[in-house]
Amino acid sequence: MSKTYGIALLGSGRMGIEHARNLLGLAHARVVAVADPLQTARDAAQALTRAERSYADPEAAIADPNVDAVVIVTPTNTHADLIEAAAHAGKAVFCEKPIALTLERTERCLAAIERAGVPFQIGFQRRHDPAYARAKEKLAAGEVGRIDQFRAVGRDPAPPSLDYLKVSGGQFLDQGVHDFDLARFMVGEVEEVMAWGAVRVDERIGELGDSDTATTMLRFKNGALGVIENSRQSVYGYDIVTEVFGEKGKLLVDETPKTGLRHYTAGAIPGGDGRIEVDHYRFFMDRFRDAYRLELEAFLHSLVAGTAPTPGPREALESLRLALAATLSFREGRPVKLSEVS
Ligand SMILES: NC(=O)c1ccc[n+]([C@@H]2O[C@H](COP(=O)([O-])OP(=O)(O)OC[C@H]3O[C@@H](n4cnc5c(N)ncnc54)[C@H](O)[C@@H]3O)[C@@H](O)[C@H]2O)c1
């Protein structure tokens with residue numbers, strides 16, 4: 001019988017609780033420890049997971065001898081230190097994106113993972129979403145043939161708080177990175193980017209030197225071209241669409257309705273056309289609910305099978321490099337080659 005992996009859940013905020021729920025359903029995982037400096041947060045995670053131990057200090061959870069793997073869902077600025085501590089302790093690591101906001105810190109952290117030889121997975125959950133995973137299979141099987149164009153839309157319902165934005169690394173790193181990672185996942189490595197950012201939603205975001213509306217053009221190494229649109233505010237909810245167009249057709253990961261319900265009405269204008277309303281996803285937590293479960297399932301599966309988890313260190317680093325190139329392009333108002341970002 002295969003082993004059950006003892007998991008420490010580090011961080012029990014918004015995403016931590018989502019991961020806690022998903023860990024509960026995994027055959028080869030048992031949450032044995034939770035850690036969060038905030039008592040109410042760690043109590044909630046402990047009650048949910050029925051973990052034996054609860055720590056204020058995440059390093060104590062990492063050192064717990066019953067812990068084989070850590071799931072890091074703490075604020076971004078703590079990720080690199082916690083990954084290194086886990087690697088030194090020989091524990092497998094799943095970490096929410098990003099590892100860090102600079103290449104230098106990310107590379108140092110990845111070197112520690114490599115030295116320790118521990119399995120590592122980064123939380124680019126869209127790669128595990130059933131539609132994106134299926135699209136990838138078709139692309140790998142050559143069903144689209146030569147890829148010519150990539151198009152992605154990523155819009156959030158509303159901007160995060162200003163306190164969050166101050167330490168987020170900016171719109172390209174914080175929000176666009178998921179679409180940049182999809183571009184690499186579906187099409188391949190990027191040669192050059194040109195990014196524009198504008199402030200259309202909230203002047204205070206501009207005062208931070210950030211944008212709330214962005215368009216990035218991509219030139220891929222294989223010759224394909226791409227465009228990514230991001231907005232921090234979409235009044236109708238979460239808006240995620242991705243298209244890969246090529247020689248033999250196109251793949252479209254479109255918006256699907258959140259539920260099967262359709263509401264048929266007479267419409268607003270008497271005597272006019274009728275209307276059909278469907279339920280729309282509010283945000284990432286409901287749109288990618290399956291993906292968050294499937295990414296942890298894949299992580300555990302890799303541990304059991306002894307294979308390298310994916311997306312791994314290279315994806316964490318290269319998708320960050322692309323987001324940094326877009327940020328530089330936005331700041332300097334010029335095209336930026338990826339080779340400039342090192
Ligand atoms: N993949 C995705 O789609 C996605 C979505 C949202 C957030 N995230 C990432 O998840 C991470 C957490 O985001 P969130 O929205 O859950 O944040 P959050 O603020 O809701 O939760 C963070 C939790 O970590 C706790 N914490 C702070 N310092 C800690 C430490 N040193 N050790 C242990 N716990 C600590 C806080 O008390 C809080 O409970 C971020 O890095 C974010 O980028 C990823």
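Residues numbered from 1 in each chain as written. Predicted model: local features only at pLDDT ≥ 70, side-chain atom pairs only at ≥ 80, totals over all residues. Heavy atoms only, no water.

> Please clarify how the overall build of the chain should be interpreted in this entry.
Along its length, the chain carries 12 helices and 15 strands. Rg of the C-alpha trace for the chain: 21 Å, near the compact-globule value of 20 Å for 342 residues, within the 12% margin. Taking the principal axes of its C-alpha atoms as reference, the chain extends roughly 65 × 55 × 45 Å. The burial tally for the chain puts 51% of its 342 residues in the buried class. Within the chain, counting contacts between residues at least 6 apart in sequence, those at least 24 apart form 69% of the total. Surface summary for the chain: the accessible area is close to 15900 Å², and the carbon and sulfur share equals 52%. The chain carries 41 positive and 48 negative side-chain charges, and their two centres are separated by 2 Å. (Helix = DSSP H or I, 4+ residues; strand = E, 2+ residues; numbered from the N terminus. Rg over C-alpha atoms; globule rule 2.2 N^0.38 Å. Buried < 20%, exposed > 50% of the residue type's maximum accessible area, 1.4 Å probe, protein only. Contact = heavy atoms within 4.5 Å. Areas by Shrake-Rupley, 256 points an atom, 1.4 Å probe, with all protein chains shown as cover. Lys, Arg positive; Asp, Glu negative; His and termini not counted. Charge placed at Lys NZ, Arg CZ, Asp CG, Glu CD.)

> Looking at this structure, I do not really get the sheet that holds strand 15 (residues 336-337). What am I missing?
Two modes of strand pairing occur in sheets, parallel and antiparallel, and in both the strands are linked by backbone hydrogen bonds. With mixed pairing, 7 strands are arranged side by side in an open sheet as 12-11-7-10-9-8-15. In this open sheet, the two strands that pair with only one neighbour each are strand 12 (249-253) and strand 15. One ladder, built from 8 bridges, connects strand 8 (residues 190-198) with strand 9 (residues 213-220); its direction is antiparallel. Bridge pairing in strand 9 links E192 to R219. The sheet contacts of helix 6 (residues 130-140) involve strand 7 (147-155), strand 11 (239-246) and strand 12, and relative to strand 12 the element is tilted by about 165 degrees. (Pairing = 2+ DSSP bridges. Axes fitted to C-alpha atoms, helices over the stretch in contact; angles between N-to-C directions.)

> Even after reading the chapter, I still don't get the packing of helix 6 against helix 8 (residues 171-186), so can you show me in this structure?
Each packed pair of helices is defined by two parameters, the angle between the axes and the distance between the axes. The geometry of helix 6 relative to helix 8 is characterised by a closest axis approach of 10 Å and an angle of 30 degrees between their N-to-C directions. With respect to helix 8, the element helix 6 is oriented roughly parallel. Residues Y132, A135, K136 and L139 of helix 6 form the contact with helix 8, whose participating residues are L182, F185 and M186. Of the residues in the contact of helix 6 with helix 8, the class split is 6 nonpolar, no polar and 1 charged. (Parallel < 35°, antiparallel > 145°, perpendicular 65-115°, else oblique. Nonpolar A, V, L, I, M, F, W, Y, C, P; charged D, E, K, R; others polar.)

> In this structure, what is going on with the side chain of E315? I would like to understand it.
The topology assignment puts E315 in helix 12 (residues 313-332). When its relative accessible area of 17% is taken as the criterion, E315 is described as buried. The residues touching E315, leaving out its near neighbours within four places in the chain, are F124, R127, D181 and R184.

> Would you mind going over the pairing of strand 9 with me for this structure?
Regular strands show a simple pattern: their side chains alternate between the two faces of the sheet. Burial along strand 9 is one-sided: the residues A214, T216, L218 and F220 are buried and none of T213, T215, M217 and R219 is. Pairing of strand 9 with strand 10 (residues 225-231) involves 7 bridges; the strand directions are antiparallel. Directly across from A214, in strand 10, lies its bridge partner N230.

> How should I be thinking about the site of the ligand in this particular structure?
By nearness alone, 24 residues border the ligand, and R14, M15, D36, T76 and Y292 come closest of all. One nitrogen or oxygen atom from the side chain of H79 is found 3.1 Å from an oxygen atom belonging to the ligand. Residue Y292 places a side-chain N or O atom 2.7 Å away from an oxygen atom belonging to the ligand. Protein burial of the ligand: of its 860 Å² of free accessible surface, 81% is covered by the chains. Taken together, the residues of the shell around the ligand break down into 10 nonpolar, 10 polar and 4 charged. (Near = heavy atom within 4 Å. Polar contact = N/O pair within 3.5 Å; in protein donor to acceptor, adjacent residues only side chain to side chain.)

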